[in-house]
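Remarks on the overall topology
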Amino acid sequence: MSDLTAPATRPANPRFSSGPCAKIPGYTLDMLGDAPLGRSHRASVGKAKLKQAIDLTREILNVPADYRIGIVPGSDTGAVEMAMWSLLGARPVEMLAWESFGEGWVTDVVKQLKLDAKVKIAPYGQIVDFATVDFNSDIVFTWNGTTSGCRLPNADAIPADRQGLTVCDATSAAFAMHLDWAKLDVTTFSWQKVLGGEGAHGMIMLSPRAVERLESYTPAWPLPKIFRMTSKGKVIEGIFVGETINTPSMLAVEDYLVSLKWAQSVGGLNGLVGRATANAKVVWDFCAANPWLQNLAETPAIASTTSVCLKFNDPRIKDGEAFAKAVAKRLEQAKVAYDIGAYRDAPAGLRIWCGSTVETADVTALMPWIANAFDAEIAAQV
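Report follows, based on the coordinates. The structure presented is a predicted model; accordingly, all values stated were derived computationally and were not measured. (Residues numbered from 1 in each chain as written. Predicted model: local features only at pLDDT ≥ 70, side-chain atom pairs only at ≥ 80, totals over all residues. Heavy atoms only, no water.)

A closer look at helix H1 (residues 44-61)
- Taking 1.5 Å per residue, 18 residues should reach 26 Å; H1 reaches 26 Å between its end C-alpha atoms and fits that length.
- For H1, every residue scored as buried is listed here: Gly46, Lys49, Leu50, Ala53, Ile54, Leu56, Thr57, Ile60 and Leu61. When H1 is viewed along its axis, its buried side chains cluster within an angular range of 165° and face the same direction.
- Considering only its buried residues, H1 is in contact with strand E1 (68-73), strand E8 (186-190), strand E9 (201-206), helix H5 (250-265) and helix H6 (268-289).
- Asn62, located one to two residues past H1, shows a positive phi value of around 60°. (Helix = DSSP H or I, 4+ residues; strand = E, 2+ residues; numbered from the N terminus. Expected span 1.5 Å × (residues − 1). Buried < 20%, exposed > 50% of the residue type's maximum accessible area, 1.4 Å probe, protein only. Arc of directions from axis to C-beta. Contact = heavy atoms within 4.5 Å.)

Have a look at this one:
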């Protein structure tokens, strides 16, 4: 930034990565002092911690009492794979994707499970039209496209009397957006997204309809132990009270508990949604005032409030990808924004994490720095 006058205010926390995401405000490692390190996760103290994590998740997200919640290995990826390998194949399948992770689930279902699924893919900046979806089939989709910044605005198009199951990857939506549980049969997310927890652990939530499928259907393919949620035709209830399939990190569990308790302190789900929305609005307002930067989402209704994806729009830009990378590099070198380049498979641009753990003041402070870096790179092209 040496070639232009730097803005006077800097973000107090320059961490705007879309995963792992910013820790809760005021976070210190001292907060993890109650972690039962060196103890078995199957000891009473370990099981109590895991059960508390499940119970607080249910409370904050308003998950219905008859939905089961489990802590599973492999982050959100493990949770989604567990659902697809365990549940799909009983009915026709429709795969909906509007960004790279959704397309990854398509690959797994079509090429690994080898199901004759109907695939609907929307380009970056759009989402699939849910009015065209046959909900008598099992449906797999992401609620919020982490790499495209496009989200499902609501679940109104999903019928209550559907015959198929809905499998929703909600990893960058849970805790920052309202999820319509009555329309979701399987929902997954990871700790390292909206609440800024540590990686490697995922969550899976099952409706009674999903449990019924688990207990009445046996897939044609063998299931790895790490995916098995049933034994002798019955769901393994222990998974949903903290008896995990494999050994969890009790340090990561404690970290998640700290984040959940912070979420309670800011007003629970409504408070978390409000924080993310306020953060995203700062970016949206900046784009409205500076037409050279645009939201990748083509309509406001589908614009993400967590992974806000942006594209540059200026005729002076000669190489869009190189320009975006140079702007991101300038911001990192100035130590005002880390890890905000667009995802490698997405259109060139920036991706600013605006999730609930990010402070609005930091997003506000970042905007002049983006303008500064843009001006510097435009000048460098002359």
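Let's pick the thread back up.
Describing the nonpolar core
- Formed by 96 residues in total, the largest nonpolar core has its most connected members in Phe141, Trp143, Phe175, Phe312 and Ile370.
- The residues touching Phe141, leaving out its near neighbours within four places in the chain, are Leu96, Trp98, Phe130, Leu152, Ile158, Thr166, Val167, Cys168, Asp169 and Leu184.
- If you look at the next biggest cluster of nonpolar residues, it comprises 34 residues, including Met84, Val140, Leu206 and Trp221. (Core = buried A, V, L, I, M, F, W, Y, C linked by side-chain atoms within 4.5 Å.)

Considering the pattern of salt bridges
- With the rule as written, the count across this model stands at 15 salt bridges.
- As a salt-bridge pair, Asp55 and Lys51 come within 2.9 Å of each other at their nearest N and O atoms. Pair noted here: Asp55 and Lys51 are both in helix H1, with a separation of four residues, about one helical turn.
- A residue is classified by how much of its surface remains accessible, and Lys51, at 32% relative accessible area, is partly exposed.
- Two residues, Glu377 and Arg330, come together in a salt bridge whose shortest N-O distance is 2.5 Å. Taken together, the positions of Glu377 in helix H8 (residues 360-381) and Arg330 in helix H7 (residues 320-333) put the pair 47 residues apart, joining distant regions of the chain.
- Accessibility expressed as a relative area gives 12% for Glu377, which makes it buried.
- Of the residues examined, Arg330 reaches a relative accessible area of 15% and is grouped as buried.
- Taken together, the shared-partner salt bridges in this structure form one network comprising Lys23, Glu198 and Asp255. (Salt bridge = Lys/Arg side-chain N within 4 Å of Asp/Glu carboxyl O.)

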